[in-house]
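Now for the letters of each chain:
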Amino acid sequence: MNTNYLAGQKRLTNIAVVRLKKAGKRFEVACYRNKVSDWRAGIEKDLDEVLQTTAIFSNVGKGVMAAKEDLMAAFGTSDEEKICLEILAKGELQVSDKERQSQQDNLFKDVAGILVDKTVNPETSRPYTLTMLERALRDVHFNPDSKKSAKQQALEVLPELQKRFPIQRARMRLKLQVPQQHQQELLDMLDGNKATVEGIEQAAGNSTVITQVEPGVFRELHNFMQDTTNRHGRIEVLSFAVMSEAAAGSEDFNTIPAADTDKPPPAPASAAAVVTSPSRPAAVRHQQQQQQQQHGSAAGSVVYDRGPIEGLPEDFESR
């Protein structure tokens, strides 16, 4: 039996601690698990659902309360609720090693998932698989940073991946509408950004351009619509990530071989199969084909030409 603590002492366990060091002192608040991140993300609005108590501690594990003099010196107030809000906003969440590793693994997968959604192979316009990108991130020794968003880290690690294999951000497909007098200016800007123009239509004094651009060009196009056209232009996003429509699967590291055009195309599955052998006389094959056409569809059977069978024991050769 542990006799180091008083029998009536109530210890705070199974909690999350947020710690803030200020004015040379340490201040802590006791929170519910998984609620601090929801509060910081704006998901949770009720402070009572985040804090187990509004009391300010200097050491939550030992139950040592912070002195009011220290609170006044560090925060300029003794209002516990205001102090808790500042600690929640600026403090550091204390987690165990297992929790930290779990958060790192989840963030790592989020970064890889964003790369799957936002990048393609520039040679085929097909996305890479999640497993392949996770392996590539480990090869470049990528370590996720819990203080940065998954999207920001995905964009930062992309240049490192481009040094190892072909990969780029998927282009956006946009529908741009401008007055006809600004059409040439728009086309010149798209050409300068290496955009792909898919079509141009003119109607009612306006020009509509369907184009594919790099995601980084979107802000420049927005400024063009605001300034050059005096807000008479319009941008419509048709697709955030343009990928090959013929891609049923995803790319891998290995280059997918092209189809062999020298081989004859396979017969349709619905067509009746007639297997012929060069060793049988042509007249026999022709007779079997006629029998199939006359009786095959009615009887629901298909006639197959067996041909010679090799490698059988002598006892079965006569059969």
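These notes cover the structure that comes with them. Fair warning: this is a prediction, and the values are worked out from it, not measured in the lab.

## Some thoughts on the packing of aromatic side chains
Thinking step 1. What the rule picks out here adds up to 3 aromatic pairs.
Thinking step 2. Residues phenylalanine 108 and phenylalanine 142 carry aromatic rings whose centres are separated by 6.0 Å and whose planes lie at 40 degrees to one another, so their mutual orientation is tilted. Placement of the pair is phenylalanine 108 in helix α4 (residues 97–118) and phenylalanine 142 in the loop between α5 (130–139) and α6 (150–162), with a sequence separation of 34 residues. Side by side, phenylalanine 108 and phenylalanine 142 carry an identical accessibility label, which is buried.
Thinking step 3. Taking 5.2 Å as the distance between ring centres and 80 degrees as the angle between the ring planes, the aromatic pair formed by tyrosine 128 and phenylalanine 165 counts as edge-to-face. A residue pair is termed long-range when its members are at least 10 positions apart, and tyrosine 128 in the loop between β6 (119–120) and α5 and phenylalanine 165 in the loop between α6 and β7 (168–169) qualify at 37 residues.
Thinking step 4. Its relative accessible area of 7% is what places phenylalanine 165 among the buried residues.

## Comments concerning the environment of isoleucine 210
Thinking step 1. Within the secondary structure, isoleucine 210 sits in strand β10 (residues 206–213).
Thinking step 2. Sequence spacing of isoleucine 210 and lysine 175 is 35 residues, and the spatial spacing of their C-alpha atoms is 4.7 Å.
Thinking step 3. For isoleucine 210, the residues in contact, after removing those within four places along its chain, are Arg173, Leu174, Lys175, Thr196, Val197, Glu198, Gly199 and Leu238.

## Re the nonpolar core
Thinking step 1. Counting residues in each nonpolar core, the largest one holds 20 residues, and the members touching the most others are Leu115, Leu133, Leu137, Leu161 and Phe165.
Thinking step 2. Put simply, the parts of the chain that give this core at least two residues each are α4, α5 and α6.
Thinking step 3. A total of 6 residues in this core trace back to one element, the largest contributor, which is α4.
Thinking step 4. If we skip the residues at most four places from it in the chain, leucine 137 touches Phe108, Val111, Ala112, Leu115, Phe142, Val157 and Leu161.
Thinking step 5. Formed by 18 residues, the second largest nonpolar core is a distinct cluster that contains Val29, Val36, Leu47 and Leu88.

## Remarks on α5
Thinking step 1. Every buried residue of α5 is listed here: Met132, Leu133, Glu134, Ala136 and Leu137.
Thinking step 2. Tucked into the core, α5 has its buried residues touching α4, β6 and α6.
Thinking step 3. Phi turns positive, to about 60 degrees, at histidine 141, one or two residues after α5.

## Some details on the sheet that holds strand β11 (residues 234–239)
Thinking step 1. Overall, antiparallel pairing links the 4 strands, which are arranged β9-β10-β8-β11 in an open sheet. Strands at the two margins of the open sheet, each flanked by one partner only, are β9 (196–203) and β11. Strand after strand, the sheet turns through a mean of 20 degrees between neighbouring axes, direction not considered.
Thinking step 2. In this structure, strand β8 (residues 172–179) lies alongside β10, joined through 8 bridges in antiparallel fashion.

## Overview of unusual backbone geometry
Thinking step 1. One non-glycine residue with positive phi stands out, namely alanine 204, at about 55 degrees.
Thinking step 2. Note on placement: alanine 204 falls in the loop between β9 and β10.
Thinking step 3. Its identity is not glycine, yet asparagine 230 carries a phi of approximately 55 degrees, on the positive side.
Thinking step 4. With respect to the helices and strands, asparagine 230 occurs in the loop between α8 (218–228) and β11.

## Topic: the layout of surface pockets
Thinking step 1. If you add up the space inside the largest pocket, you get close to 730 Å³.
Thinking step 2. Forming the walls of the largest pocket are 20 residues, and the residues nearest its centre are Ser37, Leu93, Val95, Gln103 and Ser146.
Thinking step 3. Taken together, the elements giving at least two residues each to the lining of the largest pocket come down to α1 (36–40), β5 (92–94) and α4.
Thinking step 4. For the lining of the largest pocket, the element with the highest residue contribution is α4, accounting for 5 residues.
Thinking step 5. In the lining of the largest pocket, the residues fall into 6 nonpolar, 6 polar and 8 charged.
Thinking step 6. As a volume, the second largest pocket reaches approximately 200 Å³.
Thinking step 7. As for the second largest pocket, its lining consists of Lys118, Lys151, Leu155, Arg169, Ala170, Met172, Pro215, Phe218, Val237 and Phe240.
Thinking step 8. When the residues that make up the lining of the second largest pocket are grouped by side-chain class, the tally is 7 nonpolar, no polar and 3 charged.

## So, the state of the cysteines
Thinking step 1. Scanning the entire structure with this criterion turns up 0 disulfides.
Thinking step 2. Here cysteine 31 is not cross-linked by a disulfide; its sulfur's nearest cysteine counterpart is in cysteine 84, at 7.9 Å.
Thinking step 3. Looking at cysteine 31, the relative accessible area reads 0%, which means it is buried.
Thinking step 4. Residue cysteine 84 is classed as buried on the basis of its relative accessible area of 0%.

Conventions adopted
Residues numbered from 1 in each chain as written. Predicted model: local features only at pLDDT ≥ 70, side-chain atom pairs only at ≥ 80, totals over all residues. Heavy atoms only, no water. Phe/Tyr/Trp six-rings, centres within 6.5 Å; stacked < 30°, edge-to-face > 60°. Helix = DSSP H or I, 4+ residues; strand = E, 2+ residues; numbered from the N terminus. Buried < 20%, exposed > 50% of the residue type's maximum accessible area, 1.4 Å probe, protein only. Contact = heavy atoms within 4.5 Å. Core = buried A, V, L, I, M, F, W, Y, C linked by side-chain atoms within 4.5 Å. Pairing = 2+ DSSP bridges. Axes fitted to C-alpha atoms, helices over the stretch in contact; angles between N-to-C directions. 1 Å grid on protein atoms, 1.4 Å probe; cavity = no way out; pocket = protein on both sides within 12 Å on 5 of 7 lines; lining within 4 Å. Points joined across faces, edges and corners; volume = space filled by probe spheres on them. Nonpolar A, V, L, I, M, F, W, Y, C, P; charged D, E, K, R; others polar. Disulfide = S-S within 2.5 Å.

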